[in-house]
Amino acid sequence: MPSADFPLLCPVCSDPLVLFGPGAGTQPRLACAAGHHFDAARQGYFNLLVGKGTSFEADSAAMVQSRVNFLGNGHYLPMARAVASAVVPHLSATGGAVLDSGTGTGHYLREILDAADAGGRHVAAIGLDISKFALRRAARLNPEAINMVCDIWQPLPVATASVDAVTVVFAPRNPAEFARVLRPAGALVVVTPRPGHLAELAAVTGMLGIEEGKDDRLAEGMAGHFDLDSTSDVDIALTLTRGAAADLAFMGPAGHHLDPGHIAERLEGRPEPVTAGARFRLMEFRPRKRGAA
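Remember, predicted model here, so these are calculated numbers, not experimental data. (Residues numbered from 1 in each chain as written. Predicted model: local features only at pLDDT ≥ 70, side-chain atom pairs only at ≥ 80, totals over all residues. Heavy atoms only, no water.)

## Focus: the environment of alanine 244
Step number 1: If you trace the backbone, alanine 244 turns up in helix α8 (residues 242-251).
Step number 2: Residue alanine 244 is classed as buried on the basis of its relative accessible area of 12%.
Step number 3: Beyond its immediate sequence surroundings of up to four residues, alanine 244 is in contact with Phe70 and His75. (Helix = DSSP H or I, 4+ residues; strand = E, 2+ residues; numbered from the N terminus. Buried < 20%, exposed > 50% of the residue type's maximum accessible area, 1.4 Å probe, protein only. Contact = heavy atoms within 4.5 Å.)

## Structural notes on the packing of aromatic side chains
Aromatic ring pairs are reported here in terms of the distance separating the ring centres and the angle at which the planes meet.
Step number 1: Taken as a whole, this structure holds five aromatic pairs when the rule is applied.
Step number 2: Where phenylalanine 70 meets tyrosine 76, the ring centres are 5.0 Å apart and the plane angle is 80°; that geometry is what we call edge-to-face.
Step number 3: A relative accessible area of 1% means that phenylalanine 70 is categorised as buried.
Step number 4: Between tyrosine 108 and phenylalanine 170, the aromatic rings sit 6.1 Å apart at their centres with planes inclined by 80°, giving edge-to-face as the arrangement. One end of the pair, tyrosine 108, is in helix α3 (residues 107-118); the other, phenylalanine 170, is in the loop between β9 (163-169) and α5 (175-181), with 62 residues separating them in the sequence.
Step number 5: With relative accessibility at 8%, the residue tyrosine 108 sits in the buried group.
Step number 6: Among the aromatic residues, those joined into a ring-pair cluster are Phe70, Tyr76, Tyr108, Phe170 and Phe280. (Phe/Tyr/Trp six-rings, centres within 6.5 Å; stacked < 30°, edge-to-face > 60°.)

## Notes on the side chain of aspartate 247
Step number 1: Relative to the assigned elements, aspartate 247 resides in helix α8.
Step number 2: Buried and without a salt bridge, aspartate 247 has arginine 67 as its closest oppositely charged side chain, separated by 10 Å.
Step number 3: If near-sequence neighbours (up to four positions away) are discounted, aspartate 247 is found in contact with Ser66, Asn69 and Phe70. (Lys, Arg positive; Asp, Glu negative; His and termini not counted. Salt bridge = Lys/Arg side-chain N within 4 Å of Asp/Glu carboxyl O.)

## Focus: the packing of helix α2 (residues 77-87) against α3
Step number 1: Packing of α2 against α3 leaves a shortest axis separation of 9 Å and a crossing angle of 50°. By the angle between their directions, the pair α2 and α3 is classed as oblique. Considering only the axes of α2 and α3, their crossing is right-handed. Of the residues in α3, those touching α2 at Leu77, Met79, Ala80, Arg81, Val83, Ala84 and Val87 are His107, Tyr108, Glu111, Ile112 and Ala115.
Step number 2: In terms of residue class, the contact of α2 with α3 is built from nine nonpolar, one polar and two charged. (Axes fitted to C-alpha atoms, helices over the stretch in contact; angles between N-to-C directions. Parallel < 35°, antiparallel > 145°, perpendicular 65-115°, else oblique. Left-handed = near helix turned anticlockwise from the far one by under 90°. Nonpolar A, V, L, I, M, F, W, Y, C, P; charged D, E, K, R; others polar.)

Structure follows, in structure tokens:
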């Protein structure tokens, strides 16, 4: 059952949303005083897309399954732990709240919640994504969180200055909205791939490489809303079966333009283990004080 104390806003009228239920034979429901309501899907997530929805391409069921397969085997656990270590110190001992934007299958949020629980912190959590297939998995993995289909380029359905931390792991960023929902002492934790990330696998499968200057563009995009507080790199030496390598290649952006059969064909006959280097950058931003230059 999701936490009822997360400060949500109605995407139609911006009034506070309240979580009701579940009741006998009914799913949980989010509703505002104006009468707008959003029933949970059978799988436990809420769809808060309104109007024309979103124009962005959501991850497919097949891409999500590859992500579940790969992350479920712990290949990126060092990265997940690094994210949790960056986030948990910012969470209030009581009444803390974390927003995971682009939560996917909820893998990284799960690590944060477990680390917070181990430290005796009660945390309200919300996971946002545009893929209903991903959120089905996230709701199963993080039943205590409110998992919602949401377009981050629209106003977020979260109250102003209500969140201790926002996490964005390999997902798009909306600096203005992230700054709005964060408390003044909050933190935005962003993870991006560095140049050379999975280069060995990309050369075989046709995955897109990482563009140079990506960090500079990220910093420019944050300007006016955030200041960079710290940067750290996480490198993981991967030794994979051909099946795990195929899942890794297909679970990310490449899954939108590569056929899984094509990936498997490229990897067929390659000696095992398939090796590759995962190269991440974790950046922690602080909201810029209003009026700061």
